[in-house]
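Now for the letters of each chain:
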Amino acid sequence: MNSESAISIISTTLQEWYSTHRRDLPWRTNSDPYRIWLSEIILQQTRVEQGLPYFERITHRFPDVHTLANAPIDELLKLWQGLGYYSRARNLYAAAQQVVRDFGGRFPDSYDTLLQLKGVGEYTAAAIASIAYGEAKAVVDGNVFRVISRLYALDTPTYTTEGKKQFTTLAQQLLDPSHPSEHNQALMDFGAMQCTPASPRCSDCPLQAHCLAYASDTVSQYPVRRSATPKRERFFHYLMIVNGNNTYIQQREHKDIWQHLWEFPLLEADHEMSTEEWLQDPLLAPFAQQTLRMETPVKLRHILSHQIIHALFVTLHVSGTVELPPESSWRTLSLSDLSGVAVSRLTEKFLVKSEHN
Ligand code: ADE
Ligand code: SF4
């Protein structure tokens, strides 16, 4: 058998598998590029089960790209709350405005033009171009790296330039150019349901006979990954002041995690401060005289893709007029409005835990 027919057998087998195992997903009911784009952005760093309710809520509120482009961004950020990676939401919004402004309200309809949209990289452009428009572009992501590295027992590390090139070439060769949408989605579902990261279901796998890793009993060695880079550790000390029905919040402005989200006054330090040390900080000290009661401090660890945040939340109940620190950007907010502002998942966890939500 020559390699060309082996390749077409693999794609055919994948598509047959897909025809009976495909997941019923709400963006698969038609080929509306807006819905497909939205689903791909949500799924960039999120599992399907977790992303589904967000997809439903966002499309319910914003059924098309015009509605999204014309809404205030805060509404989208609020709907996005809990999904994390908020730059996705900001890019989503910016891209909606690009579509309306630069593309006359019509979604770009090729891989190359899709790449011009904010937040749309090679993977997302390939996914939208193939699924919505039938363009013969193979998607290449972690799923595809995994399946291909196993099928071909390919041990080039996936994170190298060389590795990416090899995997992209193979993925494109594997693509069935007459059914790019089915092929790509088959590969996505196959990677998520059959050839899974931890315990792939090799015993009932329709590609078993074509899988070199299976043949050499080396499935667990693929894909070859990079050694993990240590995560940056950060120490956040938050101050929640409760003054009657009010509290004080500020918006994150700097180019950092959680840009534009709201949070309580924060001191970031290069070490983990004890509650005592935090209480003596100049940010907090002015409230000492006014403090009626301090709640038990809440310690939370929050893990992001490249960072670990060690957070300490101190809640002070104070009385009298609160003098806002000079030049601070603190805003007064009624406690009952806290649930209406977009906050990070860390702050949300604190609010739930401390029953201020
Ligand atoms: N993961 C990323 N995109 C996907 C899609 N369109 N269907 C299923 N899983 C996905
Ligand atoms: Fe993946 Fe196992 Fe099937 Fe090979 S045999 S493709 S490793 S599920």
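The structure we're discussing is the one just above.
Residues numbered from 1 in each chain as written. Chains lettered and ligands numbered in written order. Predicted model: local features only at pLDDT ≥ 70, side-chain atom pairs only at ≥ 80, totals over all residues. Heavy atoms only, no water.

(A) Highlighting helix α14 (residues 345-353). All buried positions along α14 are accounted for by Leu-346, Thr-347, Phe-350 and Leu-351. The buried residues of α14 occupy one face: seen down the axis, they fall within an arc of 135 degrees. Buried residues along α14 sit in contact with β1 (232-243), β3 (262-263), β6 (298-303) and β7 (307-318). Downstream of α14 by a residue or two, Glu-355 has a phi angle that is positive, lying close to 60 degrees. (Buried < 20%, exposed > 50% of the residue type's maximum accessible area, 1.4 Å probe, protein only. Helix = DSSP H or I, 4+ residues; strand = E, 2+ residues; numbered from the N terminus. Arc of directions from axis to C-beta. Contact = heavy atoms within 4.5 Å.)

(B) Summary view of the site of ligand 1. In the vicinity of ligand 1, the residues found are Arg-23, Leu-25, Trp-27, Arg-28, Glu-40, Leu-43, Val-48, Tyr-123, Met-188 and Asp-189. In the model, a nitrogen atom of ligand 1 is placed 3.0 Å from a nitrogen or oxygen of the Arg-28 side chain. Contact distances for ligand 1 include 2.7 Å between a nitrogen atom and a side-chain N or O atom of Glu-40. For the shell around ligand 1, a count of residues per class yields six nonpolar, no polar and four charged. (Near = heavy atom within 4 Å. Polar contact = N/O pair within 3.5 Å; in protein donor to acceptor, adjacent residues only side chain to side chain. Nonpolar A, V, L, I, M, F, W, Y, C, P; charged D, E, K, R; others polar.)

(C) Looking closely at the nonpolar core. In this structure, Trp-37, Leu-68, Trp-80, Trp-258, Phe-264 and Phe-313 are the most contacted members of the largest nonpolar core, which totals 97 residues. The element best represented in this core is helix α8 (residues 122-133), accounting for eight residues. (Core = buried A, V, L, I, M, F, W, Y, C linked by side-chain atoms within 4.5 Å.)

(D) Looking closely at the site of ligand 2. In the vicinity of ligand 2, the contacting residues are Arg-150, Leu-151, Cys-195, Pro-200, Cys-202, Cys-205, Gln-208, Cys-211, Tyr-214 and Val-219. A molecule is said to occupy a pocket when more than half its atoms come within 2 Å of that pocket's grid points, and by this definition ligand 2 occupies the largest cavity. For the shell around ligand 2, the per-class residue count stands at eight nonpolar, one polar and one charged. (1 Å grid on protein atoms, 1.4 Å probe; cavity = no way out; pocket = protein on both sides within 12 Å on 5 of 7 lines; lining within 4 Å. Sits in = over half its atoms within 2 Å of the grid points.)

(E) Just empty space enclosed by the protein, in detail. The tally for this structure, following the rule as stated, stands at two cavities of 30 Å³ or more. Roughly 120 Å³ of internal volume is contained in the largest cavity. Lining the largest cavity we find 15 residues, and of these Cys-195, Pro-200, Cys-202, Cys-205 and Cys-211 sit closest to its centre. Per-element tally for the lining of the largest cavity: the top contributor is helix α9 (residues 142-151), with three residues. Taken together, the residues of the lining of the largest cavity sort by class into eleven nonpolar, two polar and two charged. (Points joined across faces, edges and corners; volume = space filled by probe spheres on them.)

(F) Geometry of unusual backbone geometry. Cis rather than trans, the peptide bond between Tyr-222 and Pro-223 has omega equal to -5 degrees. Looking at the element boundaries, Pro-223 is found in the loop between α12 (212-215) and β1. Even without being a glycine, Tyr-85 presents a positive backbone phi close to 45 degrees. For Trp-258, which is not glycine, the phi dihedral falls at a positive 65 degrees. Tracing the chain through its elements places Trp-258 in the loop between β2 (246-251) and β3.

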